[in-house]
Amino acid sequence: MKIAIAGFGALGARLGVKLQAAGHEVTGIDGWPAHIAAINTNGLIVIHDNQAPKKYFVPVVTPQEVTGEFDLIILLTKTPQLDRMLTDIAPVVTKNTQLLVLSNGLGNIEVIEKHVARDQILAGVTLWTSTLAKPGEIHTTGSGSIKLQAIGHANAEPVVEAMNQAGLNVELTDDVLTAIWHKAGINSVLNPLSVLLDANIAEFGTAGNGMDLALTILDEIQKVGALQGIKVDIAAIMSDLTNLLKPENAGNHYPSMYQDIQNGKRTEIDFLNGYFSKIGHQEDVPTPLNTMITHLIHAKEDIERVKIAKQQETFEI
Ligand SMILES: NC(=O)C1=CN([C@@H]2O[C@H](COP(=O)(O)OP(=O)(O)OC[C@H]3O[C@@H](n4cnc5c(N)ncnc54)[C@H](OP(=O)(O)O)[C@@H]3O)[C@@H](O)[C@H]2O)C=CC1
Ligand SMILES: CC(C)(CO)C(=O)C(=O)O
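Residues numbered from 1 in each chain as written. Chains lettered and ligands numbered in written order. Predicted model: local features only at pLDDT ≥ 70, side-chain atom pairs only at ≥ 80, totals over all residues. Heavy atoms only, no water.

Draft legend 1. Examining the site of ligand 2 more closely. With respect to spatial proximity, the complete set of residues near ligand 2 consists of Asn 104, Thr 129, Lys 183, Asn 187, Leu 190, Asn 191, Ile 201, His 253, Pro 255 and Ser 256. At 3.0 Å from an oxygen atom of ligand 2 is found a side-chain nitrogen or oxygen belonging to Asn 104. Here His 253 contributes a side-chain N or O atom positioned 2.8 Å from an oxygen atom of ligand 2. Contact with the protein chains hides 96% of the accessible area of ligand 2, taken as 280 Å² for the molecule alone. (Near = heavy atom within 4 Å. Polar contact = N/O pair within 3.5 Å; in protein donor to acceptor, adjacent residues only side chain to side chain. Areas by Shrake-Rupley, 256 points an atom, 1.4 Å probe, with all protein chains shown as cover.)

Draft legend 2. Structural context of the environment of Pro 247. With respect to the secondary-structure elements, Pro 247 resides in the loop between α9 (234-244) and α10 (256-262). Considering only alpha carbons, one finds Pro 247 and Ala 156, 91 residues apart in sequence, at a separation of 31 Å. (Helix = DSSP H or I, 4+ residues; strand = E, 2+ residues; numbered from the N terminus.)

Draft legend 3. Local environment of the site of ligand 1. Near ligand 1 you find 26 residues, and of these Leu 11, Asp 30, Gly 31, Asn 104 and Glu 268 are the closest. Ser 130 places a main-chain nitrogen or oxygen 2.8 Å from an oxygen atom of ligand 1. Between His 253 and ligand 1, the recorded distance is 3.1 Å, taken from a side-chain N or O atom to an oxygen atom. Considered on its own, ligand 1 offers 880 Å² of accessible surface; in the complex 89% of this is hidden by protein. Among the elements of the structure, α1 (10-21) and α3 (82-88) are those that each provide at least two residues to the shell around ligand 1.

In structure tokens:
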């Protein structure tokens, strides 16, 4: 299958090398010049579970440079970047292209619907993880899985088969919206708390009151979900959280929001806890913990961005 990965960052690169190794023709699309140059010159370095580095040669181009036609484009930008990416890659999206979004957070499907027909859209959630350590180098740990569904009437099975050839543990679901809320529940616990507690997923698991915090966050999300006709299964989310703590799954991973903060980037908080807080306010459902977490993460974004800017000034002097 001819596959493009739009957003060849931490996770896009991990999935890209696995798909290429399974015999698919993979192109990365990304906008970070140093990252693109490093991969195209020296290959993508992958360090898995602190083992010896391996090198993979996947071609990477900018959205402005990309040409040709793809059977599948996997969208793996951060949620606030999705609309821009879709605008920029529009010239290579034909009626035959399927677009699969695996980004975290709520609202991605609505963004894609502004660009292509519903029948071209596949949406999913993933528990694969990855860290972009420096331009051209990712660090990976454990294993993962993907659940996806065609949003319109498309046949998603060839995509599932192609991705499973690459060992990506993909299964079809008939209720991706519930899966997206479920994943957003997981992310609304692990991602901001990893930042606020300065912990990876396994370390979070050692906090005596970690699971009580999780339950309070999820209880608020469940009430917001009920208003929107979405069943948020707290027990199932807690069971996934417990599994993610294990090193063979994602225990050693620092969630993507932790990486954003370290890199001085804006996070996806408004599409996770911030989303639930906003709907809660509109609908009169109390969401004090999600609201507080949203404010704290925005404060942390500002603090880290100022720190990084100051370090850069000192460096330039
Ligand atoms: N990392 C992880 O372990 C996991 C991540 N996820 C989710 O997957 C998604 C991707 O995460 P992750 O891989 O960590 O993110 P990264 O920031 O590492 O990767 C996204 C890449 O897309 C590029 N990009 C974004 N917009 C554009 C654009 N318009 N043009 C060109 N390039 C663009 C970014 O470049 P630039 O930096 O220059 O903006 C970046 O290199 C997120 O929704 C995240 O929550 C889900 C599960 C686990
Ligand atoms: C792996 C997981 C679930 C951690 O929260 C994730 O989705 C992320 O890093 O954003």
